[in-house]
Amino acid sequence: MRVRRLDPILVDRIAAGEVIERPASAVKELVENALDAGASRIDVAIEAGGRRLIRVIDDGCGMSAEDLALAVERHATSKIPDGDLSAIATLGFRGEALPSIAAVADLTIDARAAGAEMGAQIRVEAGEKRGLKASNWPRGARVEARDLFAATPARLKFLKSERAETAAVVDVVKRLAMANPAVRFSFAADMGASFDYPACGASEEGRARRIGQALGTDFADNAIALRAEREGFRLEGLAGLPTFHRANALMQFVYVNGRPVRDRLFSGAIRAAYLDFLSHDRHPALALFLECDPHVVDVNVHPAKAEVRFSDPGRARGLVVGALKEALASALHRSADTPARAALEVLAERARAAPGREGPAASGGGFSSFGGPPRNRPLDWDLRGSPSAPAGFAAAPQAAFDVGPPAADSRPAAAPPAAAAVETPLGAARAQLHETYIVAQTKDGLVIVDQHAAHERLVYEKLKAQREAEGVARQLLLVPRVVELDETRLDALLSAQEELAALGLALEPFGPGAALVRETPAALGDIDVGRLIEDIADLLAEEGDARGLTRRLDALLARVACHHSVRAGRRLTGEEMNALLREMERTPGAGQCNHGRPTYVELKLADIEKLFGRS
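Conventions used here
- Residues numbered from 1 in each chain as written.
- Predicted model: local features only at pLDDT ≥ 70, side-chain atom pairs only at ≥ 80, totals over all residues.
- Heavy atoms only, no water.
- Helix = DSSP H or I, 4+ residues; strand = E, 2+ residues; numbered from the N terminus.
- Buried < 20%, exposed > 50% of the residue type's maximum accessible area, 1.4 Å probe, protein only.
- Areas by Shrake-Rupley, 256 points an atom, 1.4 Å probe, with all protein chains shown as cover.
- Phe/Tyr/Trp six-rings, centres within 6.5 Å; stacked < 30°, edge-to-face > 60°.
- Lys NZ or Arg CZ within 6 Å of the ring centre and 35° of its normal.
- Pairing = 2+ DSSP bridges.
- Core = buried A, V, L, I, M, F, W, Y, C linked by side-chain atoms within 4.5 Å.
- Contact = heavy atoms within 4.5 Å.
- Axes fitted to C-alpha atoms, helices over the stretch in contact; angles between N-to-C directions.
- Salt bridge = Lys/Arg side-chain N within 4 Å of Asp/Glu carboxyl O.
- Expected span 1.5 Å × (residues − 1).
- Polar contact = N/O pair within 3.5 Å; in protein donor to acceptor, adjacent residues only side chain to side chain.

Asker: Help me get a handle on the overall build of the protein, residues and values and all.
Answerer: Each helix and strand counted, the protein has 19 helices and 25 strands in total. The buried share of the protein, taken over its 615 residues, is 45%. For the protein, the accessible surface area stands at approximately 31000 Å², while carbon and sulfur atoms represent 53% of it.

The following block contains the structure:
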C-alpha cells in the first residue's frame with residue numbers, strides 16, 4: 001500500500017480527537033478562551049450533555065472580522081506574541097481549540113471588538129468555512145457548537161449518558177470558576193444542573209467566597225486556610241479536615257498559575273500529607289493554588305493541558321506536603337461537624353417517627369415540633385385525675401422499670417464543673433456512659449468522646465514524637481540481602497538512599513540491576529526484605545518518596561498505640577476524663593483516630609433545643 005497525504009478535513013478530525021475528547025473538553029477550551037479575553041462575565045449553556053448544543057458567551061475584548069476569520073484556522077493564536085513557549089502566561093496557547101471543535105461540530109461565532117462599528121459572524125460546518133457575515137452582536141463573543149461528533153459517529157458512541165456528560169461539564173466550569181473569583185460564572189443545562197456565581201473579587205476573601213459557592217458551606221466550615229512560600233513557589237488554599245473525607249478524589253482541586261491540573265505529583269503529595277490521618281480508601285477534600293515563575297513549569301506536555309512538569313518537582317512537592325502537614329497540625333483537636341449533624345438528623349427522624357409526635361409542619365421550625373402541649377388539652381390536665389387513669393397509677397411508678405444498675409457513671413457531675421473547664425474547647429467531663437463514652441459540658445453545648453479512639457491517637461502521636469527524637473532503631477542482617485530490580489526502580493531506590501537510611505533501611509548499589517540491603521528497621525522484626533524493597537521501589541518510581549517504609553513503621557506504631565491505650569469498658573475517674581480532654585486539645589490530629597474516624601462529636605445547645613421543640 002502506497003503512502004498518501006490525508007485529506008485536510010480528515011487531518012483536522014484526527015487532531016481534534018487529541019483535544020476534544022468529550023463535550024466537557026470543548027467547554028473547557030471555550031471558557032479558557034473567554035478568560036484569556038479578559039471577560040468579567042461568562043455564561044455557559046448546554047443541551048443533551050453538550051452533544052446537541054454548547055454555548056459560551058463572554059464580555060471580553062472580542063475579535064475583529066480579520067481575527068475571526070483567522071481564529072478558526074489551525075495553529076493560529078494571539079497568545080504567544082513572542083513565540084516563547086517557556087513563559088506561557090495564558091490558559092490557551094496552542095491555537096487548536098476553535099478549529100478542533102469546528103472539525104467535529106457545526107460552529108458559529110459572533111464577535112465584536114471594542115470600539116468596532118459592528119460585529120462579525122463566521123460559521124464552520126464539519127470543518128468547512130462558510131465565510132464572514134456582519135453581525136449585530138454588542139460586545140465580546142458568543143460561540144455555539146451544535147451536533148458535536150455528528151461527523152465522527154465512532155467517537156459519539158463512546159460518550160457516556162447525558163447526565164454523566166453534564167456532570168463532567170459542571171465539574172470543568174466549577175474548576176475554572178474557582179480559579180477566577182473576580183469573574184461571574186453562570187451555567188444552565190436541560191438536565192437541571194444550573195448555577196450562577198456572582199463575582200467575588202480577586203482578594204483572598206473573594207477566593208474563599210468563590211470556593212464556598214462552588215463546593216458548599218460544608219467544605220468552607222470544615223477546612224483550614226493555608227499559606228506557604230519557598231524558593232519562588234507560593235501556595236495558598238483551603239485543606240479539608242481529615243474527618244471531612246470522601247470516597248474518591250473528585251473534591252481535590254489543584255491549580256498551577258491559575259490552570260486546573262490533575263497531576264500525579266500533587267496526588268502523591270496530598271496522600272503523603274494525609275497519610276497519618278486517613279485510611280487508604282478515603283480521600284481528603286481541598287483546593288490548592290500554586291503560583292510560580294512560568295519558566296520553571298512546562299504546561300505543554302499534554303494535549304488537553306491537564307498535566308504539568310516542573311524543572312524541580314521535588315521543590316514543588318515538598319512545599320505542598322509541608323504546608324498541608326503544618327495546616328493539619330495547627331488544627332489540633334478540631335474535627336468536622338458532619339458527624340454531629342448526621343447524629344442530629346437521626347435523632348430528629350426518630351423523634352418525628354415516634355407515636356403521638358407531631359410533625360414539623362405543626363410548628364414550622366426546628367427539627368420537630370413535639371415540645372408544645374397537645375391540641376385541645378388543658379394546660380393543667382393531669383392523667384392521675386382522669387377517670388381513664390389505670391389502677392395503681394400513683395403507686396411506685398418506677399418499679400416496673402427496675403433493670404439493674406445504670407450504665408452511666410455520673411460521679412464527675414456530683415460537683416459543679418469549674419468555670420474555666422467549661423470554657424475550654426472540649427469542656428468539662430460530666431459523666432461516663434457504658435464505660436466507653438465521656439460526656440463533657442461546654443459553654444454552648446456538649447461533647448461526646450470515644451475514650452479508646454481518643455487515647456489511641458494520643459499514644460500514637462507520643463510514639464511518633466519519641467521516634468523523631470531518638471531515631472529509628474536498626475537491626476544488622478546476619479547475611480546481607482541482594483535484591484534484583486530493573487534499572488528504573490533501582491535508580492529511584494538509590495536516589496532516596498539517605499532518606500531510607502534515616503528510617504533505618506541501609507542499602508547500597510550491588511552491581512548492575514541489584515541493591516545490597518545491610519540493615520532494616522528493628523521494629524519490623526523478621527520481615528521479607530525482598531518484598532519490602534520491591535514495594536518501596538515501586539512507590540519511589542511512581543511518586544518519588546519513601547512512603548512505603550514510613551507507612552510500615554507508622555502502621556506498627558498504630559498497632560502499639562491501639563494495644564496500649566485506654567480500652568472501652570474501663571471506668572475512668574473525673575480527673576482522668578478531664579486530663580484526657582485537656583491532652584486532646586493540645587495534640588495535633590486528636591480529632592480523629594488512626595483509622596480516620598472521629599474521636600468526638602460536638603452537639604450545640606441550639607440544635608439540642610430544636611430536637612425538643614424549644615425556641
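Asker: Give a description of the packing of aromatic side chains that names residues and reports values.
Answerer: The description of two aromatic rings rests on the distance between their centres and on the angle between their planes. If you walk through the whole model with that rule in mind, you get six aromatic pairs. The interplanar angle of 25 degrees and the centroid separation of 5.5 Å between the aromatic rings of Phe187 and Phe195 together place this pair among those described as stacked. You'll find Phe187 and Phe195 in the same group, each marked buried. Taking the centre distance of 4.8 Å and the plane angle of 5 degrees together, the rings of Tyr255 and Phe289 count as stacked. On the criterion of sequence distance, the pair formed by Tyr255 in strand β12 (residues 252–256) and Phe289 in strand β15 (residues 286–291) is long-range, its members being 34 residues apart. Here a set of aromatic residues connected by ring pairs shows up, and it is made of Phe187, Phe195 and Tyr197. The ring of Phe289 has Arg207 lying over it, and the distance from NZ or CZ to the ring centre is 4.0 Å. Above the ring of Phe244, the side-chain terminus of Arg246 is found at 4.2 Å from the ring centroid.

Asker: A description of the pairing of strand β2 (residues 53–58) should follow, citing residues and the corresponding values.
Answerer: Bridge count between strand β1 (residues 41–47) and β2: six bridges; the pairing is antiparallel. Bridge pairing links Val44 to Val56 in β2. Bridge count for β2 against strand β6 (residues 140–146) is six bridges, and the pairing is antiparallel. Across the sheet, Ile57 pairs through a bridge with Arg142, a residue of β6.

Asker: How would you explain the nonpolar core if you had to name every residue and give the values?
Answerer: Core analysis: the biggest nonpolar cluster contains 62 residues, and Val31, Ile42, Ile54, Leu107, Phe185, Phe187 and Phe219 have the highest contact counts within it. Looking at which element gives the most residues to this core, the answer is helix α6 (residues 162–179), with nine residues. Those residues in contact with Ile42 that lie beyond four places of it in its chain are Val31, Ala34, Leu35, Val56, Ile57, Asp58, Val183, Arg184, Phe185 and Ser186.

Asker: Could you give an account of the sheet that holds β12, naming the residues involved and the relevant values?
Answerer: Taking strand neighbours across the sheet as the criterion, the five strands line up as β9-β10-β15-β12-β13 in an open arrangement whose pairing is mixed. Of all the strands in the sheet, just β9 (223–230) and β13 (259–261) have a single pairing partner and so form its edges. Put simply, the sheet's adjacent strands are angled 20 degrees from each other on average, direction ignored. Sheet topology note: the strand β10 (residues 233–240)/β15 ladder contains six bridges and is antiparallel. In the strand pairing of β15, Ala239 is matched with Leu286. Contacts between helix α7 (residues 204–215) and the sheet are confined to β9, β10, β12 and β15, with β15 contributing the most and set at about 140 degrees to the helix. Helix-sheet contacts for helix α9 (residues 264–273) involve β12, β13 and β15, and the interaxial angle to β12 is about 130 degrees.

Asker: Describe the sheet that holds strand β4 (residues 119–125), with residues and values.
Answerer: Ordered in space as β5-β4-β3-β6-β2-β1-β7-β8, the eight strands form an open sheet in which the pairing is mixed. Two strands lie at the open edges of the sheet, namely β5 (128–135) and β8 (195–197), each paired on one side alone. Averaged over all pairs of adjacent strands, the angle between their axes in this sheet comes to 10 degrees, without regard to strand direction. Here α6 sits on the sheet and contacts β1, β7 (184–189) and β8; the angle it forms with β7, its principal contact strand, is near 175 degrees.

Asker: A description of unusual backbone geometry should follow, citing residues and the corresponding values.
Answerer: The backbone phi angle of Asn257 is positive, close to 50 degrees, even though this residue is not glycine. Residue Asn257 is classed as partly exposed on the basis of its relative accessible area, which comes to 27%. Residue Glu435 is not a glycine yet carries a positive backbone phi of 55 degrees.

Asker: Any chance you could break down the pattern of salt bridges for me, citing the residues and the numbers?
Answerer: Taken as a whole and judged by the stated rule, the model has 36 salt bridges. Of the charged contacts in the structure, one is a salt bridge between Asp110 and Arg142, with a shortest N-O distance of 3.1 Å. With a gap of 32 residues between them, Asp110 in strand β3 (residues 106–112) and Arg142 in strand β6 connect regions that are remote in the sequence. By relative accessible area, Asp110 is classed as buried at 3%. The partly exposed category is assigned to Arg142, whose relative accessible area is 25%. Salt bridges linked by common partners bring Arg123, Glu125, Glu128 and Arg130 together as one network.

Asker: So what's going on with helix α18 (residues 574–586)? Which residues, and what values?
Answerer: The first and last C-alpha atoms of α18 sit 19 Å apart over 13 residues, in line with the 18 Å expected at 1.5 Å per residue. When α18 is considered as a whole, its buried residues turn out to be Gly574, Met577, Leu580, Leu581, Arg582, Glu583, Met584 and Glu585. Packed against the buried residues of α18 are α12 (419–422), β19 (428–433), β20 (437–442), β21 (445–450), α13 (451–470) and β25 (600–604).

Asker: I'd like a rundown of the pairing of β9, residues and numbers included.
Answerer: Regular strands place side chains that alternate from one sheet face to the opposite one. Bridge analysis of β9 against β10 gives eight bridges, and the strand direction is antiparallel. Across the sheet, Glu229 pairs through a bridge with Arg234, a residue of β10. If you look at the hairpin formed by β9 and β10, you'll find two residues sitting between the two strands, and Glu231 has a positive phi there, around 50 degrees.

Asker: How would you explain the side chain of Glu165 if you had to name every residue and give the values?
Answerer: The residue Glu165 is located in helix α6 in this model. A distance of 2.9 Å separates a polar atom in the side chain of Glu165 from the backbone nitrogen of Lys160. Discounting residues that sit within four places of it in the chain, Glu165 has contacts with Arg22, Pro23, Gly49, Leu159 and Lys160.

This is a description of form; function is not addressed.
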